[in-house]
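Per-entry structural report
Chain residues, written in single-letter form:
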Amino acid sequence: MRLIDLFKTKKPVISFEIFPPKLDMPLDSIYDKLENFKKLKPDFISVTYGAGGSAKDRTIEIASKIKKDYKIESMAHFTCVGHSKEEIDSLIDSLENEGLENVLALRGDPPRDQPDFDFSKNVYQYASQLIEHIKKRSNLCIAAAAYAEGHVDSPRIKDDLINLKNKVDTGVDFLVTQLFFDNRIFYDFLDRAISLGITCPVTPGIMPVFRADQIKRIASLCGASIPAQLVIIMDKYGGNPDDMLKAGIEYACMQIQDLIDNGVDGIHLLTMNRAKSTRKILENLNLLQK
């Protein structure tokens, strides 16, 4: 199923993001978790891509298994970092051969051992170029990333929004935002995006605070701000993992409920592969589908 068709018939669309196990870990470690995620009946599950394309084969394999064996629609992340045009074409062929219909097209992160990676040396330097190529070569439903606070490499939010509009016009079916912790930032972003003529569905990406140190590191890498209310919570409970988990779930529930009350197209939960905590969030919000 092309996910854009789902967004036309359901609101909000509830989806999860999971990531493949490290290359030295067996794939069974994620399949065990998928059994629990399946019980939560998400509308779809996206599978991330390792930095520099390090887990691309696992991404496709897991996304295929989610669709074929677990009977849940899936979306494979797809980046152009470090790939030749031939490799990109081969990946598109692999997706279609596995019966996958949806991709999240991204520029991607540099390889972990190359912090000064030169993106200009890629065959495609920007996600928009990858999107254009996928659109010409396949009938895949294409999602793209949006950055409510601007991309970390973009000097001005205004420029980032213009780039986003160009990306959407290239052939994007719907958008998934980078994580954010203040809904006012998302609403402001949405207003500005609409004013530029971006009319495709936009589903916010929500990352619950399961560990304070982890969130601080991730936020610093992607340029997401942490509001004072959440800083106070992390300072108070950060030293106690159990209390931090409970407080993080409560904050995520508050954030998601407000988004739903304001009519968002979907909720994309960045689960960190934590099925039990994800279940708790859905239970608290009465979002568990029967």
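Scope of this entry: the structure provided in the associated data block. What you are looking at is a predicted structure, and each value in this text was computed from that prediction instead of being measured.

**What to know about the sheet that holds strand β4 (residues 102-106)**
Pairing in this open sheet of 9 strands is parallel, and the strands run β7-β6-β5-β4-β3-β2-β1-β9-β8 from one edge to the other. Each having just a single partner strand, β7 (202-203) and β8 (205-206) make up the two edges of the open sheet. The sheet contact formed by strand β3 (residues 73-79) and β4 spans 4 bridges and is parallel. Paired with H77 across the strands is L104, a residue of β4. Contacts from helix α2 (residues 28-38) reach β1 (13-18) and β2 (44-47) within the one sheet, and its direction differs from that of β1 by about 165°. Sheet contacts for helix α6 (residues 157-171): β5 (141-146) and β6 (174-177); angle to β5, the most-contacted strand, approximately 180°.

**Digging into the packing of α2 against helix α3 (residues 56-68)**
Orientation of α2 relative to α3, taken along the N-to-C sense of each, is 30°, at an axis distance of 12 Å. The angle between α2 and α3 falls in the class roughly parallel. As for how α2 packs across α3, the hand of that crossing is right-handed. Contacts from I30, Y31 and L34 in α2 reach E61, I62, K65 and I66 in α3. Across the contact of α2 with α3, the residue classes tally to 5 nonpolar, no polar and 2 charged.

**Quick word on the packing of aromatic side chains**
In the structure shown here, the tally under the stated rule is 6 aromatic pairs. Judged by centre distance (4.7 Å) and plane angle (40°), the ring pair of F7 and F174 falls under tilted. In this pair, F7 is assigned in helix α1 (residues 3-9) and F174 in strand β6, connecting sequence segments 167 residues apart. Accessibility classification places F7 together with F174 in one group, the buried group. Residues F186 and Y187 carry aromatic rings whose centres are separated by 5.9 Å and whose planes lie at 65° to one another, so their mutual orientation is edge-to-face. By the ring-pair criterion, three or more aromatic residues cluster together here, those being F180, F186, Y187 and F189. The ring centre of Y31 lies 4.9 Å from the NZ or CZ of K65, which sits over that ring.

**Thoughts on unusual backbone geometry**
Put simply, K11 and P12 share a cis peptide bond, and its omega is 0°. Topologically, P12 is positioned in the loop between α1 and β1. Of note in this structure, K71 is not a glycine but carries a positive phi near 60°. Here K71 shows up in the loop between α3 and β3.

**Here we look at helix α11 (residues 275-284)**
Regarding α11, the residues found buried are A275, S277, T278, I281 and L282. Buried residues of α11, seen end-on, are gathered within an arc of 165° and therefore sit on one face of the element. In this structure, the buried residues of α11 make contact with β1, α2, α10 (241-261) and β9 (266-270). Phi for N286, located one or two positions after α11, is positive at around 55°.

About the cut-offs
- Residues numbered from 1 in each chain as written.
- Predicted model: local features only at pLDDT ≥ 70, side-chain atom pairs only at ≥ 80, totals over all residues.
- Heavy atoms only, no water.
- Pairing = 2+ DSSP bridges.
- Helix = DSSP H or I, 4+ residues; strand = E, 2+ residues; numbered from the N terminus.
- Contact = heavy atoms within 4.5 Å.
- Axes fitted to C-alpha atoms, helices over the stretch in contact; angles between N-to-C directions.
- Parallel < 35°, antiparallel > 145°, perpendicular 65-115°, else oblique.
- Left-handed = near helix turned anticlockwise from the far one by under 90°.
- Nonpolar A, V, L, I, M, F, W, Y, C, P; charged D, E, K, R; others polar.
- Phe/Tyr/Trp six-rings, centres within 6.5 Å; stacked < 30°, edge-to-face > 60°.
- Buried < 20%, exposed > 50% of the residue type's maximum accessible area, 1.4 Å probe, protein only.
- Lys NZ or Arg CZ within 6 Å of the ring centre and 35° of its normal.
- Arc of directions from axis to C-beta.

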